[in-house]
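# Structural description and commentary
Here are the chains, one letter per residue:
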Amino acid sequence: MKEFQHVLQSGEGFQAKPAIRFVQMVKGLDSAVTVSGNDNVVSADRLAELAALDVHKGERITVTFEDHVSDEDVERFREFAREYL
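Residues numbered from 1 in each chain as written. Predicted model: local features only at pLDDT ≥ 70, side-chain atom pairs only at ≥ 80, totals over all residues. Heavy atoms only, no water.

### A look at the overall build of the protein chain
Formally: A run of H or I in DSSP counts as a helix once it spans at least four residues, and a run of E counts as a strand once it spans at least two, with each numbered from the N terminus. The globule rule is 2.2 Å times the number of residues to the power 0.38, and the radius of gyration it is compared with is taken over C-alpha atoms. Each residue's exposure class comes from its accessible area (1.4 Å probe, protein chains only) as a fraction of the maximum for that residue type: buried when under 20%, exposed when over 50%, partly exposed otherwise.
Counting secondary structure elements, the protein chain contains 3 helices and 4 strands. Shown N-terminal to C-terminal, the secondary structure of the protein chain runs as helices and strands in the order β-α-β-β-α-β-α. Here the C-alpha radius of gyration of the protein chain, 11 Å, is about what a compact globule of 85 residues would show, namely 12 Å. Over its C-alpha atoms, taken along the principal directions, the protein chain stretches across nearly 30 × 25 × 20 Å. Here the protein chain holds 85 residues, and the buried ones make up 40% of them.

### Considerations on the pattern of salt bridges
Going by this rule: Here a salt bridge means any side-chain nitrogen of Lys or Arg lying within 4 Å of a carboxyl oxygen belonging to Asp or Glu.
By the definition in use, this model includes 6 salt bridges. Between aspartate 73 and arginine 76 there is a salt bridge, with the nearest N and O atoms lying 3.2 Å from each other. Within this pair, aspartate 73 and its partner arginine 76 are both found in helix 3 (residues 71-84), separated by 3 residues, close to a single helical turn. Here arginine 82 ties to glutamate 75 by a salt bridge, and the two come within 3.5 Å at their closest N and O atoms.

Keep in mind that these numbers describe shape and distance, not what the molecule does.
Given below as structure tokens:
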């Protein structure tokens, strides 16, 4: 299992376009991925769940990769979070 944390910089958490792209990235992996924040954990391959995750600017999320993910993939997600979330 691998994970990283990120403090949200965008106003309302997972906005539509970044959330769609995030889900697409997850579906390209061979691993289950979850996102947690504010005591909620959701599956990162489900757009509706990401959209319902109640996180806002300044709050921390944790992205967890269950298995079969490279360090390069984790870094790609980390960079995406820095740029879009």
